[in-house]
Amino acid sequence: MTRFDQVQTSKLPTGYAQLVLSPQRLLGAPLPELLAELDVTLDESSITDPSFTGAAMVTRDGVILSMRPGQPDWERDAVARALLGHVLDMPLLPLPEPYRMSEV
């Protein structure tokens, strides 16, 4: 099992202790295991537009990933990891075109 350190980052609400992990762990761990370790909720979005691939919402209670229903498994996996990396302030290579990350 990988050892994690407790830190606070600016994208997370005050008081939400976050587990920081290595880029190798973020990209290599089975997604369900990773979500459980980080206490991240994965929900189906009501947005069905194929151009919407997902969103990460940081709430006072934690992180919620909202993903498009019917999304291919490979896309869901890649986008979920990219969104988590963004929330964790982890330096990762950008997703390939046509994917892009925006913050609102």
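Counting restarts for each chain, with residues numbered from 1 along the sequence as it is written. A pLDDT threshold of at least 70 governs which residues receive local features in this predicted model, and a stricter bar of 80 or more applies before side-chain atom pairs are shown or counted, although totals over entire chains, interfaces and linings include all residues. Note that water and hydrogens are dropped before the side-chain values are worked out from all heavy atoms of the structure.

Chemist: How should helix α3 (residues 73-87) be read in this particular structure?
Modeler: Side chains of residues three or four places apart in an α-helix project in the same direction, reflecting 3.6 residues per turn. The first and last C-alpha atoms of α3 sit 21 Å apart over 15 residues, in line with the 21 Å expected at 1.5 Å per residue. Think of it in three bands: residues with accessible area under 20% of the maximum for their type are buried, residues over 50% are exposed, and the middle band is partly exposed, with areas taken using a 1.4 Å probe on protein chains only. Per the convention used, a helix needs a DSSP run of H or I reaching at least four residues, while a strand needs a run of E reaching at least two, with both numbered from the N terminus. Residues Glu75, Arg76, Val79, Ala80, Arg81, Ala82, Leu83, Leu84, Gly85 and Val87 constitute the buried set of α3. Only heavy atoms enter the contact rule, under which two residues are in contact if any of them lie within 4.5 Å. Residues of α3 that are buried make contact with α1 (23-28), α2 (31-38), β3 (40-44), β4 (55-59) and β5 (62-67). At the C-terminal side of α3, aspartate 89 shows a positive phi close to 55°. In a helix, the anticipated span is given by 1.5 Å times the number of residues less one.

Chemist: What am I meant to see in the nonpolar core here?
Modeler: Burial of nonpolar side chains together is a common tendency in soluble globular proteins. What makes a nonpolar core is a set of buried Ala, Val, Leu, Ile, Met, Phe, Trp, Tyr and Cys residues whose side-chain atoms join them at distances within 4.5 Å. Counting 19 residues, the largest nonpolar core has Leu21, Leu34, Leu38, Val40, Leu65 and Leu84 as the members making the most contacts within it. Contributions of two or more residues to this core are made by α2, β5 and α3. Of the residues forming this core, the biggest block, 5 residues, is contributed by α3.

Chemist: What's the story with the sheet that holds β5 in this structure? I'm lost.
Modeler: The strands making up a sheet associate through hydrogen bonds between their backbones, and the pairing can be parallel or antiparallel. Note: two strands are recorded as paired if DSSP finds a minimum of 2 bridges between them. Read across the open sheet, the 3 strands follow the order β3-β5-β4; overall the sheet is mixed. Two strands in the sheet have a free side with no partner beyond their single neighbour: β3 and β4. Across the sheet, the mean angle from the axis of one strand to that of its neighbour is 25°, orientation sign disregarded. Fitted lines through C-alpha atoms serve as axes, helices being fitted only where they are in contact, and the angles separating the N-to-C directions of these axes extend from 0 to 180 degrees. Running at roughly 150° to β5, α3 makes contact with β3, β4 and β5 of the sheet.

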